[in-house]
Amino acid sequence: MAVFANFQTTFFLALLFLRISQSEVLSEHLPLTPESLKISINSARQYLHVQWTVRNLLYHQELKMVFQIQISRFNSSNIIWVGNYSTTVKQNQVLHWSWESELPLECATHFLRIRSMVDDASFPKSTIWSNWSSWEKVDVQDSLGQDTLFVFPNDKLVEEGSNVTICYISRNNQNNISCLLEDEQINGEQLDPHVFAFNLNNVPFIRETGTNFYCQRNKTVKGIVLFVSKVLEEPKDFSCETQDFKTLNCTWDPGRNTDLRKHASQRYTLFEFYSGEKKLCKHKNWCNWQITQDSQETYNFTLIAENDLRKRSVSILFNLTQRVRPMTPFSVSFETVSATNAMMTWKVHSIGNYSSLLCNVELYGEGRMIQQHNVSVKVNGEFLLSELEPNTKYTAQVRCAYDKHIWKWSEWISQSFITLEAAPSVALDVWRNVKSKPGSQNVILFWKPLSKFHANGKILFYNVVVENLDQPSRLEHYTIPAPANGTELSLDQSSYEIRITANNSVGSSPASVIVISGNSTEEVEEEKIKGTEDGFPVSWKPHSGDVLGYVVEWYDCPQDQLCDFQWENVGPGNTSIVISSDAFRPGVRYNFRIYRISTKRIAYLLEKKTGYSKELVPSTKPQVVMNNLTPHSFTLSWENYPTESQPGFIQGYHVYLKSKARQCHPGFEKANLPEITDDPLCCKYKIDNPEQKRFIVENLQPESFYEVQVTPYTSAGEGPGEAFMKVTTPGEESHKLIRILLPMIFCILVIMIACYMKSQWVKEKCYPDIPDPYKSSILSLIKSKENPHLTIMNVNDCIPDAIEVINKPEGTKIQFLGTGKSVTELEFTKPAYLYLLPTEKNSSSPSPCICFENFTYNQAASDAESCGHVLEPPFVPPSQLGLVTSSESLLKTLEKSYMNSLEEIPAEETNLNYVSQLASPMSGDKDSLPTNPQVPVHCSEYKMQMAVPPCLTASPLSEKSSLSSVTLLDQDEHFH
Amino acid sequence: MLACLCTVLWHLPAVPALNRTGDPGPGPSIQKTYDLTRYLEHQLRSLAGTYLNYLGPPFNEPDFNPPRLGAETLPRATVNLEVWRSLNDKLRLTQNYEAYSHLLCYLRGLNRQAATAELRRSLAHFCTSLQGLLGSIAGVMAALGSPLPQPLPGTEPTWAPGPAHSDFLQKMDDFWLLKELQTWLWRSAKDFNRLKKKIQPPAAAVTLHLEAHGF
């Protein structure tokens, strides 16, 4: 035992010795200085990476150590960062450490050194720092290339809101370098003669292609793209559900997209805690998870969102049966659709052998929900939709949910159907308009089309059955095709019962019955009513007899009797109704008739009402006529003024009288109209009776000037009037004088008319025709007495010397109508004398002619000079005249010129000289002058007068152009 | 004079444009190519505006004219005027065809990198139009009897920058791609206009041709 105790003591001592000696070795013989430092940089992330080893560690020795690291920039003495790094070190372990530099590492030379210290509790005496390692330098500028300008860092990725330092290196001494962030120039800090740094704080996200920073010197442009990413958000609304217990569909809202063009790193991973499975999702907002067959009921999902800069996660825990959302039902159809019922069927996707679904059926009609039902379904669903309206379109929709736990309903699926038609359910609302004629009556039937609700289908036609109540056996049927809303019947004066039904493809509506009595000639007084904004309040006296109801009828547009005939049925207990219509217009008179419907369905006219929804001022002016003007009064009348066709009830008229009197006449009052001034004084007389259309203005002053006007007025105001009529009252003397003068004028007129009627008689009495001596009765008396000494005066006893032809052209310009040449050169300076009788030199025998000048017909002889526009015969040169005068063309030319000249002569200048002519020498030879008359026998005859224009009568007669006025006429134009 | 006329008539069959006996010749297809070029010029103007805005300043600034650093592989459209004048039709068409073949490949690479769907749609539409222009040029070359240049296998140009290519430089390349494309379209319009005038005979020549037949 003692041996054992000694051995134990010896062992502990030995162990203690060993431990002490080991500590001494560590402290004295093992400096543990970091060695083999290697520095590198990661440009993308601006990491300075260093690796080193610690020698002199014993085999299997593991020590906790602290390493102090110093980093200098540009030179080793410029220490910019000092820090400790603690770790457990093994023998021959290569240690790694990284440091992120704010300044891009390319822009400056960096130095690093490390020293270490054992920080192990086992070796408390070793807590002293080792020596520093030597400075390690890292400089990448030599590897940049030959360019003279560089900008760093390249393509750095930061989060929105970060602070970034950008630098440039210029190997040129020129300092004209400008740097811009996007399009804004920024100023930097010079770190070195060749290095500038720019600190950007709180950088924003601008675009997916990054933020551009560039420096330019002359034409050199160098830049970098700073990729600023949005901050990754935690996924929202993360949930999972299944439709078939085979697949879980998980969805979430990923929030902002943090992907950039070069850094699309946003990704999502789904992790299930109980199974320990993980799945990388292909999409950013949903992911499918396959349910395994071992019927795991509870799931704990964690959704991990991450990108290059950040990582976030969200978890949910749920029971699978509480996350069932069935698939949308399908194959919805309607079977056995009738007028009021329809069987709806559909199918659902199975979710398990013993599971069933709860389906929700909704029925919509005319846009609103009508019915809602719940149906339990395994595979095939069906439901009878009842209480439907005939011929109506319905839409039914169905959705389903898991019946054990309603998590979410499936999507709706809907289908429409139309129920079948049924017979119309109500009778037509029918009214009539009866126009009685002698011996017959014209009945116009009107009915209102049935509403869709009551029609129960498309109305195809209307049946009208007319039964003569006086001869009950006679029935007449009429079929009126839809969409008519009335028909016209010509009936005799008998009483008739008319039954009208509406018919669709299924059947007829109940009949509407109207009875027309043969003698319906009631006349009642018309009463005025006043319309309001709500309509016309129409009321009537209650009737104590048999009343089935009342009907009020009117026309929406009274001007057109065929337009919109309206009626309204009123129950027997009511005696008033407000008739309103959008068609009512202000200023239009509406007439209402109230009928009583007897129990025999005969209509009796009770009352008539008329009124305006809103009265307006009169629209037409009265046509005022003034008569009975005396020195003291005159009468105004406007009998034709149509009071009924005005846009309001005419209540009366205003008569305005303006005069220079200082006071209004009795009955008149001073008019206070803004447009009327006091000078002259304007007075107004008010006529209250609209039918009084005559007014006598009295008490006037003789020989005074008055102005008068009449205007109508309604309750809306005064209408327009004609302009003021001006009246001057006559004097009293002139009034008497008129009483004398008027009969005298009348008598003179009577005498003149009598003279005109007896003009022939007057002519014979006052200026008879010149008697013919040869036909004289005296001559016969003389001959009968056979007195040879008594004879008639011989023509030889009267020898005219000459006839003076008056010729006064006076240089008038004359146009040749044919040639258009002026003939002013044709002057006739000397008077022409036409010697009808041969001169003594030329005459071979005494002239046998006798001539009488009839001054009665020489009307315009003295006005010959008034013919200023004298048309001369065309001027023809003598050389040509010979050719023309012998032909008829000359005659035609002359005739034409003559006719044209007639047209050119003004009316007042076309006076004619009627020249008495002797016919004999010229009647046979129109081309020759009567120089040698051979047959004097006929000369004693009187010739008819010939009309010749005075201008032509003044034509010159020379030897060359010896065309007298006579030659201008053709031979046929001589009248004998 | 008679000798001159005889000389013209002798050379008449050698002028392709004057042998108009039913075959319309390359004239209409040249006109269509010219029209397509002008249309693409218009289309590119809109596309380039959108894309350069997508790159951001300074690339969308109108006076931005950086040195052509990394875009050396792009076919250069600018050429000395005398050199351009001295080009024959075949060479002119060949240069056009080769340039658009390369530019189309680069443009498709651009489309793949575009981040927005709208931009991808616009680029795809433009690529389709450019493919049409390429086919149209090939048609003209075939009509003029000029063979199509065959690309060497494995030398398909791509727009995939190396790993050391910074994104700023890539944006610069994109800028230059659009700029060269614009210059090429402008140059092609000139080329085809010149070719069109050259191929289509003047009216006097046609008259001479008809007279020659009558003669």
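Right, let's walk through the structure included here. (Residues numbered from 1 in each chain as written. Chains lettered and ligands numbered in written order. Predicted model: local features only at pLDDT ≥ 70, side-chain atom pairs only at ≥ 80, totals over all residues. Heavy atoms only, no water.)

Turning to the interface of chain B and chain A, a few remarks are in order. Between chain B and chain A, the residue contacts involve 23 residues of the former and 20 residues of the latter. Broken down residue by residue, the surface that chain B buries against chain A is led by P57(B), D167(B) and F168(B), which jointly contribute 38%. In this assembly, chain B and chain A are joined by three salt bridges. Among the salt bridges present, the one from D174(B) reaches R261(A), with a minimum N-O distance of 3.7 Å. Where chain B meets chain A, there are nine residue pairs in polar contact (both at pLDDT 80 or more). At the level of secondary structure, the elements contributing two or more residues to the side of chain B that touches chain A comprise α2 (27–55) and α6 (167–199) of chain B. Broken down by element, the side of chain B that touches chain A gets its largest block of residues, six residues, from α6(B). (Contact = heavy atoms within 4.5 Å. Buried area = accessible area lost by both parts, 1.4 Å probe. Salt bridge = Lys/Arg side-chain N within 4 Å of Asp/Glu carboxyl O. Polar contact = N/O pair within 3.5 Å; in protein donor to acceptor, adjacent residues only side chain to side chain. Helix = DSSP H or I, 4+ residues; strand = E, 2+ residues; numbered from the N terminus.)

Here we come to the state of the cysteines. Here the structure, examined in full by the defined rule, presents six disulfides over all chains. Paired through a disulfide, C107(A) and C167(A) show a sulfur-sulfur distance of 1.6 Å. With the S-S dihedral at roughly 85°, the linkage between C107(A) and C167(A) falls on the right-handed side. Taken together, the positions of C107(A) in the loop between β5 (94–100) and β6 (110–118) and C167(A) in strand β10 (residues 164–170) put the pair 60 residues apart, joining distant regions of the chain. Of the two residues examined, C107(A) and C167(A), each falls in the buried class. Residue pairing for C664(A): its cysteine sulfur links by disulfide to C683(A), the two sulfurs lying 1.9 Å apart. Of note, the bridge from C664(A) to C683(A) carries an S-S torsion of about -85° and is left-handed in sense. Placement of C664(A) in the loop between β47 (652–659) and β48 (669–670) and of C683(A) in strand β49 (residues 681–687) is noted, with a sequence separation of 19 residues between them. Here C105(B) stays unpaired: no disulfide links it, and the sulfur of C127(B), its closest cysteine neighbor, is 9.6 Å away. (Disulfide = S-S within 2.5 Å. Buried < 20%, exposed > 50% of the residue type's maximum accessible area, 1.4 Å probe, protein only.)

A few words now on the sheet that holds β6(A). Residue and element names in this part refer to chain A. Pairing is antiparallel in the open sheet, where four strands are placed in the order β4-β3-β6-β7. The sheet is open, and its two edges are formed by β4 (79–90) and β7 (136–138), each paired on a single side. Pairs of neighbouring strands in the sheet enclose a mean axial angle of 25°, with direction left out of account. Taken together, the nine bridges between strand β3 (residues 62–73) and β6 define a ladder with antiparallel strand orientation. Bridge pairing in β6 links V66 to M117. (Pairing = 2+ DSSP bridges. Axes fitted to C-alpha atoms, helices over the stretch in contact; angles between N-to-C directions.)

Attention now goes to the pairing of strand β26 (residues 357–365) of chain A. Residue and element names in this part refer to chain A. Most of β26 sits out of view: seven of its nine residues are buried. Judged from the nine bridges that link them, β26 and strand β29 (residues 393–402) form a sheet pairing that is antiparallel. Looking at β29, one finds that L358 is bridged to A401. Relative to strand β27 (residues 368–377), β26 is paired through nine bridges, and the arrangement is antiparallel. Pairing of L357 across the sheet is with V377, part of β27. The hairpin formed by β26 and β27 contains two residues between the paired strands, and E366 there has a positive phi angle of roughly 55°.

As a further point, take a nonpolar patch on the surface. A surface patch of nonpolar side chains, about 1,200 Å² in accessible area, is lined by L737(A), I740(A), L741(A), M744(A), I745(A), I748(A), L749(A), M752(A), I753(A), Y756(A) and M757(A). Relative to the elements of secondary structure, I745(A) occurs in helix α3 (residues 732–757). (Patch = residues over 30% accessible without salt bridge, like charges linked within 9 Å, V, L, I, M, F, W, Y side chains within 5 Å. Areas by Shrake-Rupley, 256 points an atom, 1.4 Å probe, with all protein chains shown as cover.)

The next point concerns the packing of aromatic side chains. Within the structure shown, the criterion is met by 47 aromatic pairs over all chains. Ring geometry for Y214(A) and F168(B): centres 6.3 Å apart, planes at 25°, overall stacked. Here F168(B) lies in helix α6 and Y214(A) lies in strand β15 (residues 211–217), a pairing that spans two chains. The exposure classification of Y214(A) matches that of F168(B), with both residues buried. Geometrically, the ring pair formed by Y685(A) and F695(A) is tilted, given 4.6 Å between the ring centres and 35° between the ring planes. Remark: F695(A) occurs in strand β50 (residues 694–697) and Y685(A) occurs in strand β49; sequence separation between them is 10 residues. What makes Y685(A) partly exposed here is its relative accessible area of 25%. Here F695(A) falls in the buried class, since its relative accessible area comes to 8%. Through pairs of rings, three or more aromatic residues link up here, namely Y214(A), F59(B), F64(B), F168(B), F175(B) and W176(B). Above the plane of the ring of F724(A) lies K658(A), whose end atom (NZ or CZ) is 4.1 Å from the centre. Note that R194(B) overlies the ring of W84(B), its terminal NZ or CZ placed 5.1 Å from the centroid. (Phe/Tyr/Trp six-rings, centres within 6.5 Å; stacked < 30°, edge-to-face > 60°. Lys NZ or Arg CZ within 6 Å of the ring centre and 35° of its normal.)

A few words now on the pattern of salt bridges. Per the counting criterion, the structure on display carries 27 salt bridges over all chains. Between E644(A) and R589(A) there is a salt bridge whose closest N-O contact spans 2.6 Å. Highlighted residues: E644(A) in the loop between β46 (634–637) and β47 and R589(A) in strand β43 (residues 589–597), separated in sequence by 55 residues. In this structure E644(A) comes out as exposed when scored by relative accessible area, which is 52%. Across the salt bridge formed by R92(B) and D191(B), the nearest N and O atoms sit 3.2 Å from each other. Here D191(B) lies in helix α6 and R92(B) lies in helix α4 (residues 89–113), a separation of 99 residues in the sequence. You'll find R92(B) and D191(B) in the same group, each marked buried. A single salt-bridge network, built from bridges that share partners, covers E241(A), R325(A), K408(A) and E411(A).

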